[in-house]
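# Structural overview for review
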Amino acid sequence: MRTLALVGVLVATLAVEAFCGFLPAVNLGPRINGPYNEDGADISPDGQLLIFSSNRPNGDWNYDLWGAVWQNGEWSEPFNLGPQVNTGAQDIAPVFSGDGNTLYFLSNRGYGKGGFDYYQSVWDGSAWGPAALMPGEINTPGDERPGSPSSDGSRFYFSTIVSKDSASPFYSDWNGASWGSPVPIPELSGADYQMSTAIAPLSSRLVISSSHPGGFQSWGYDLWVSTCVNGIWQPLVNLGPNINNVDAEMAAQFSAGGDTLLFVSNRPDGYGGNDIWMAVADHRTDAAERGDLDCNSQINIVDVTRSVDRIFRAAVPPNPCVALPTFDVADVNCDGLLNIIDVVTVIDRAFRGGAVLPACGP
Ligand SMILES: [Ca+2]
Ligand SMILES: [Ca+2]
Ligand SMILES: [Ca+2]
Ligand SMILES: [Ca+2]
């Protein structure tokens, strides 16, 4: 028994430390962000559509969902998603289903279970259909807060305000016809405000916006990660200075490939109020989880070759006649360098179906 317990501790420690976090966050730029609040965003699995919430003019001044299309290497001018989706109430926290055909979002429009509830709109091939309450018992009389579905659509993780002193993560399971009653996650519940909960695709990690003690300010929000090991969610680990600072970091969402984190922050070097920021995952995580290196290692060509090999084997049929595609590589992590990390990021996105995001500079 003693030996088994020790092994469990070692595995848990390794799993947490093998998550190498994210490269420094960058602002999504003045076409998306402006002097009003941008308060949550997600990118469609094909990388072609960004949907975000904002209280900018030309909406109803009370938060609507807006879209922007990826074209010619940049996001288009944002457009309002219109009355099928938006109302005069607050419409916020958009997130795509794994197949991209359903848009989930929060609204306090008033005909749900109470406070903010989850609604959904289905893409009919040419437009988003009329929004309806998510079926089943997922919504509560309290305020639901931002969340996200698992890649296969079987489980939806989200936060709910449970008292004036706390908000906690819950999940709801899809039974084939409706969503089940919210189930608490005891390991992550408590006195903190866990104000948003997002599941990382292709992994067992939650990124949570929390007032957890030990962050970059004594009372506000940072983004934290918890990894599930043997069915137990491990203690929150702060995502560090590449993501967090003394301002509020909130409402994280992952791209479908899991390599890009979108989040909201009111830090002063944006365009005013809350802005949307993005950060690319540090790809040393893949090698660290295999035990090939740790998160402090310098990434080198051997590790990259192993990662590329693994990605190709996972994605390409075992047929030597299949021609492998070529990729245009740019400074996708916006660190001012064009190097092997950019190469791995681009290849990873292409094979995992993740979003193609703007490069920096010309
Ligand atoms: Ca609205
Ligand atoms: Ca509610
Ligand atoms: Ca913070
Ligand atoms: Ca703003």
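This text follows the structure it describes.
Residues numbered from 1 in each chain as written. Chains lettered and ligands numbered in written order. Predicted model: local features only at pLDDT ≥ 70, side-chain atom pairs only at ≥ 80, totals over all residues.

In terms of helices and strands, the protein carries four helices and 22 strands. By residue count, 43% of the 362 residues in the protein fall in the buried class. For the protein, the share of sequence-separated contacts (at least 6 apart) that also reach a separation of at least 24 residues comes to 52%. (Helix = DSSP H or I, 4+ residues; strand = E, 2+ residues; numbered from the N terminus. Buried ≥ 20, exposed ≤ 12 C-beta atoms within 10 Å, placed from the backbone. Contact = placed C-beta atoms within 7 Å.)

Our focus in this paragraph is the nonpolar core. Counting 75 residues, the largest nonpolar core has L50, V207, L261, F263 and A279 as its most contacted members. In terms of residue count, the dominant contributor to this core is strand β22 (residues 275–280) (five residues). Contact partners of L261, with chain neighbours within four places excluded, come to F22, V207, A252, F254, M278 and A279. (Core = buried A, V, L, I, M, F, W, Y, C linked by C-beta atoms within 7 Å.)

What follows concerns the environment of M134. Among the structural elements, M134 can be located in the loop between β10 (132–133) and β11 (144–149). According to the C-beta neighbour criterion, M134 is buried, with 22 such atoms within 10 Å. Once the C-alpha coordinates of M134 and Y118 are considered, the two residues, 16 residues apart in sequence, prove to be 5.8 Å apart. When near neighbours in sequence (up to four residues on either side) are disregarded, M134 contacts Y104, Y118, Y119, Q120, N139 and W179.

One open sheet accounts for four strands, arranged β1-β22-β21-β20; its pairing is antiparallel. In the strand order of this sheet, the two ends are held by β1 (26–27) and β20 (249–254), each with one partner. The pairing of strand β21 (residues 260–265) with β22 spans six bridges and is antiparallel. Directly across from L261, in β22, lies its bridge partner A279. (Pairing = 2+ DSSP bridges.)

Another point: the pairing of strand β2 (residues 38–43). Among the six residues of β2, six are classified as buried, and the element is accordingly described as predominantly covered. For β2 and strand β3 (residues 49–54), the ladder comprises four bridges, and the chain directions are antiparallel. Note on β3: the bridge partner recorded for I43 is L50. Here β2 folds back onto β3, and the loop between the two strands holds five residues, one of which, G47, carries a positive phi near 75°.

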